[in-house]
Amino acid sequence: MSTIRLGDTAPNFDAETTEGKINFYDYLGDSWGILFSHPSDYTPVCTTELGTVANYKPEFDKRNTKVIALSIDDMESHKGWVKDIEETQEVKLNYPIIADEDKNVSNLYGMIHPNEDNKATVRSVFIISPDKKVKLTLTYPPSTGRNFEEILRVIDSLQLTAYHKVATPANWKHGEEVVISPAVSNEDAKGLFPKGYKEVKPYLRMTPQPNLD
């Protein structure tokens, strides 16, 4: 059973999905990615989650982020479940679900926690950057649905860090002030952050979110 840590290279794999056979790296291309697992098909919490992600897909697209789900049930089961998701959640499923019957992907990513259930996957979330590094891991129990607003918030934060040399403070939301990385000198900060910054302490400098007009 693999343990995936932050900074690890996300394992590549080939898999059958509801949108055909994929290679994970090819599917992601130069995008950010979210891989998230479900304990099994035809479960109530999962049904709401998959519908929610379909509704959020335009937001993921704006962030150059591809989503892909996984369940250890087979393709025929997935196809029937997709119909139920679309009917009950009033959406069109617009991303693939992996059929992981042999648990290859589940084991690669450590999604089965034997003390919770030795057959079903927990609700894992992996956010993967374009260089295929794991940037976030979250693990929920099978009974707790995920908060996809939080996952969007984390993607926004990760992308700010990747592209603008800032971090985000507690409870940060898009549009609020961010923290300048300690690795950036005050002299460099003047050029990097033309909106200016506020030095609360030498190690705590706040600046308006840099990717907004």
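Only a predicted model underlies this, so the values are computations on that prediction, with no experimental measurement involved.

Participant: I tried to follow the overall build of the chain on my own but got confused; where do I start?
Facilitator: Along the backbone of the chain there are 6 helices and 11 strands. Scored against the burial criterion, the 213 residues of the chain give a buried share of 45%. Sequence-distant contacts, at least 24 apart, represent 65% of the contacts inside the chain between residues at least 6 apart. For the chain, the exposed area adds up to about 10,800 Å²; of that, 48% sits on carbon and sulfur atoms.

Participant: For this particular structure, what's the right way to read the pattern of salt bridges?
Facilitator: Pairing is possible between side chains that carry opposite charge, provided their charged atoms lie close to one another. Under the definition given, this model contains 11 salt bridges. With a closest N to O distance of 2.8 Å, Arg146 and Glu49 form a salt bridge. Separated by 97 residues along the polypeptide, Arg146 in the loop between strand 7 (134-140) and helix 5 (148-164) and Glu49 in helix 2 (residues 44-62) bring together distant segments of the chain. The residues Arg146 and Glu49 share a single accessibility class, namely buried. With a closest N to O distance of 2.7 Å, Asp156 and Arg63 form a salt bridge. With Asp156 in helix 5 and Arg63 in the loop between helix 2 and strand 4 (65-71), the pair connects residues that are 93 residues apart, well separated along the chain. Owing to a relative accessible area of 11%, Asp156 belongs among the buried residues under this scheme. Bridged by salt links that share partners, the residues Glu59, Lys62, Arg63 and Asp156 form one connected network.

Participant: Can you walk me through unusual backbone geometry in this structure?
Facilitator: In terms of backbone geometry, most residues other than glycine have negative phi values and most peptide bonds are trans. Within the chain, Tyr42 stands out as a residue other than glycine whose phi angle is a positive 55°. Examined against the element boundaries, Tyr42 turns out to sit in the loop between strand 3 (32-38) and helix 2. Look at Tyr42 and you get partly exposed, because its relative accessible area is 46%. Of note in this structure, Lys132 is not a glycine but carries a positive phi near 70°. Among the structural elements, Lys132 can be located in the loop between strand 6 (123-128) and strand 7.

Thresholds, definitions, all that
- Residues numbered from 1 in each chain as written.
- Predicted model: local features only at pLDDT ≥ 70, side-chain atom pairs only at ≥ 80, totals over all residues.
- Heavy atoms only, no water.
- Helix = DSSP H or I, 4+ residues; strand = E, 2+ residues; numbered from the N terminus.
- Buried < 20%, exposed > 50% of the residue type's maximum accessible area, 1.4 Å probe, protein only.
- Contact = heavy atoms within 4.5 Å.
- Areas by Shrake-Rupley, 256 points an atom, 1.4 Å probe, with all protein chains shown as cover.
- Salt bridge = Lys/Arg side-chain N within 4 Å of Asp/Glu carboxyl O.

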